[in-house]
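Tertiary structure, described
These are the residues of each chain, in order.
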Amino acid sequence: MPDTHQAEPIPEAARAEIERLLLSGDLFRYTAPEDAPVALLEREFAALMGVRFALAVSSCSAALFLSLKALGLPRGARVLIPGFTFAAVPSAIVHADCVPVLCEVGMDYRIDLDDFAVKLPGVDAVMISHMRGHTSDMDRIMEFAEAQGVPVVEDAAHSLGTLWDGRRIGTIGRVGCFSFQSYKLVNGGEGGMLITDDADLVARAVIMSGAYEHNWKKHGALQAPFETWQNKLPLYNMRMSNLAAAVIRPQLAEIPRRVRDGRAGHDFVAERLNESPWIAVPPALPKEERAPDSIQFNLVGMTREARAAFAEAADRRGVKVQVFGLSRDNARAFWNWEFLPEQVELPRTRAMLEVACDVRLPARLSRDELEAIAEALVAAAEEVMAPERAYGT
Ligand SMILES: *Cc1c(COP(=O)(O)O)cnc(C)c1O
């Protein structure tokens, strides 16, 4: 079985650039007067996404935090998020002195729009986490949020390359945030990006990210009101280093291949899994073109014991399955977010997390490897649910 956590090699072009940086020692984004690797990455990423502004930072969590600060949300502001996301998302909100408000997520891992509509009045902002790249109905969400007059931040950490109705995920809300942590589509070790078309917002975010004194002048020809905000904002120092940018830049050209192969691999495995009576892979929404590097599926008709036995049986066959709601201290299970200022119960989200499984499927896997993974998962379910068929004559 392939090791699904093993990364692809970093493109050769990164090595020459890193050697150059090591020889000069020029690792800080603001040392060079212009065209530092971080500044070049920002320009390239903005062009790739078709937006006016991109700000490279130390992580997606930093980008989410800076988005809330740059929106000018006051202490105690309420931010609506899906109840199924990574703990980093409510954490960024708590870090920004705001209060996460959780809404239900359905069996298809997407925001429950009825609960969203119920919880929207009284919130000051919405942070849409496209968890594992699953896109909620962005038409309805934008409609609701605009009617309510609240800004939308997109947590697109896991959605680089995903399209909604032909539009790039991360460009639909007021701000989009991406991750270059190693388990995402582009591997910078760590790193994040904030994108927006809002000049005032980016000026604030650039300064707070750590562009002290007049370093904002090194953000190229950004037409943003930096001087308005000079000395008015705290500096949180969440900058990206030139080394991370050098690792990330040559991978931008790899995105189309990773998206294409990741989607084909995912759809191949999904089709195989859906043949099992014990496994259901929710389909994409009609307007969604996904860029998956993992697959999520629900176990059907299994007791809690059977679900645990399934994960064990898959593990014995060499495939690591995470059942989100079963593993202890899982960072994606809302009941483990004990740091939240307000605890909440979400019965529908909990029911989904109890049966939802997660398996990594990086784009580099071959057809044979994908086939082996699908077969192992189907056989593991069969072993648990129909032992007489698996072992009988
Ligand atoms: C990975 C991830 C994050 C956090 O990204 P970092 O760069 O590690 O801070 C946030 N949200 C989602 C949906 C993620 O998958």
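Given the structure is predicted, the values throughout are model-derived calculations rather than measurements.

Another aspect to go through is the site of the ligand. Residues in contact with the ligand amount to 13 residues; listed here are only the nearest, Cys60, Ser61, Asp155, Ser179 and Lys184. Within the contact set of the ligand, an oxygen atom lies 2.7 Å away from a side-chain nitrogen or oxygen of Ser179. When the ligand sits alone it has 380 Å² of accessible area, and the protein chains cover 92% of it. A breakdown of the residues in the shell around the ligand according to their chemical character gives four nonpolar, seven polar and two charged.

Applying the stated rule across the entire model yields 29 salt bridges. Here Arg263 makes a salt bridge to Glu289, at a shortest N to O gap of 3.5 Å. Highlighted residues: Arg263 in helix H10 (residues 255-273) and Glu289 in strand S11 (residues 288-289), separated in sequence by 26 residues. Take Arg263: its relative accessible area is 23%, and that puts it in the partly exposed class. With a shortest N-O distance of 2.2 Å, Arg272 and Glu371 are connected by a salt bridge. In this pair, Arg272 sits in helix H10 while Glu371 sits in helix H13 (residues 367-385), placing the two residues 99 residues apart along the sequence. On the basis of relative accessible area, Glu371 is assigned to the partly exposed category, the value being 25%. Bridged by salt links that share partners, the residues Glu8, Glu254, Arg257 and Arg258 form one connected network.

What follows deals with H10. For H10, which comprises 19 residues, the first-to-last C-alpha distance of 26 Å matches the rise-based estimate of 27 Å (1.5 Å per residue) to within 8%. Among the residues of H10, those classed as buried are Ile255, Arg258, Val259, Gly262, Gly265, His266, Phe268, Val269, Ala270 and Leu273. Buried positions along H10 lie against helix H2 (37-49), strand S10 (279-280), strand S12 (294-299) and H13.

How large an interface is tends to be reported as the accessible area lost when its parts come together. The domain architecture assigned to the protein chain consists of domain 1 (12-254) and domain 2 (255-392). Using C-alpha coordinates to define each centre, domain 1 is positioned 28 Å away from domain 2. Taken together, the contact pairs 48 residues of domain 1 with 42 residues of domain 2. Between domain 1 and domain 2 the total buried area reaches about 3900 Å² when both faces are included, carbon and sulfur atoms providing 56% of it. Linking domain 1 with domain 2 are eight salt bridges. Glu254 is the salt-bridge partner of Arg257, the closest N and O atoms lying 2.7 Å from each other. Counting only elements with at least two residues in the side of domain 1 that touches domain 2, the list comes to helix H4 (88-95), strand S3 (99-103), helix H5 (113-119) and strand S6 (163-164). With four residues, the top contributor of residues to the side of domain 1 that touches domain 2 is S3. When its residues are assigned to classes, the side of domain 1 that touches domain 2 shows 22 nonpolar, 13 polar and 13 charged.

A word on the UniProt feature "modified residue: N6-(pyridoxal phosphate)lysine" (unreviewed entry) in the protein chain. Look at the UniProt record and you will see "modified residue: N6-(pyridoxal phosphate)lysine" (unreviewed entry) annotated at Lys184. In this structure, Lys184 sits in the loop between strand S8 (175-179) and strand S9 (192-196). Excluding anything up to four places from it in sequence, Lys184 contacts Ala157, His158, Ser179 and Asp293.

With respect to the element layout, Leu55 can be found in strand S1 (residues 53-57). Judged by relative accessible area, Leu55 falls into the buried class, the value being 0%. Note: C-alpha distance between Leu55 and Ala381 (326 residues apart in sequence) is 45 Å. For Leu55, the residues in contact, after removing those within four places along its chain, are Arg29, Glu42, Gly192, Met193, Leu194, Ala205, Val206, Ser209 and His219.

For the rest of this paragraph, the subject is the nonpolar core. In terms of nonpolar packing, the biggest core is built from 57 residues, with Leu64, Leu73, Val79, Phe84, Met127 and Leu194 touching the most fellow members. For this core, the secondary structure elements donating two or more residues are S1, helix H3 (60-70), strand S2 (78-82), H4, strand S4 (125-129), S8, helix H7 (199-210) and helix H12 (347-355). Both of domain 1 (12-254) and domain 2 (255-392) provide at least three residues apiece to this core. The residues touching Leu64, leaving out its near neighbours within four places in the chain, are Val89, Ala92, Met127, Val153, Asp155 and Cys177. One finds Phe45, Val123, Ile128 and Val150 within the second-largest nonpolar core, a separate group that totals 43 residues.

Scoring rules and cut-offs
Residues numbered from 1 in each chain as written. Predicted model: local features only at pLDDT ≥ 70, side-chain atom pairs only at ≥ 80, totals over all residues. Heavy atoms only, no water. Near = heavy atom within 4 Å. Polar contact = N/O pair within 3.5 Å; in protein donor to acceptor, adjacent residues only side chain to side chain. Areas by Shrake-Rupley, 256 points an atom, 1.4 Å probe, with all protein chains shown as cover. Nonpolar A, V, L, I, M, F, W, Y, C, P; charged D, E, K, R; others polar. Salt bridge = Lys/Arg side-chain N within 4 Å of Asp/Glu carboxyl O. Helix = DSSP H or I, 4+ residues; strand = E, 2+ residues; numbered from the N terminus. Buried < 20%, exposed > 50% of the residue type's maximum accessible area, 1.4 Å probe, protein only. Expected span 1.5 Å × (residues − 1). Contact = heavy atoms within 4.5 Å. Domains from an automatic or database assignment. Buried area = accessible area lost by both parts, 1.4 Å probe. UniProt positions renumbered as here; feature names shortened; annotations may be inferred. Core = buried A, V, L, I, M, F, W, Y, C linked by side-chain atoms within 4.5 Å.

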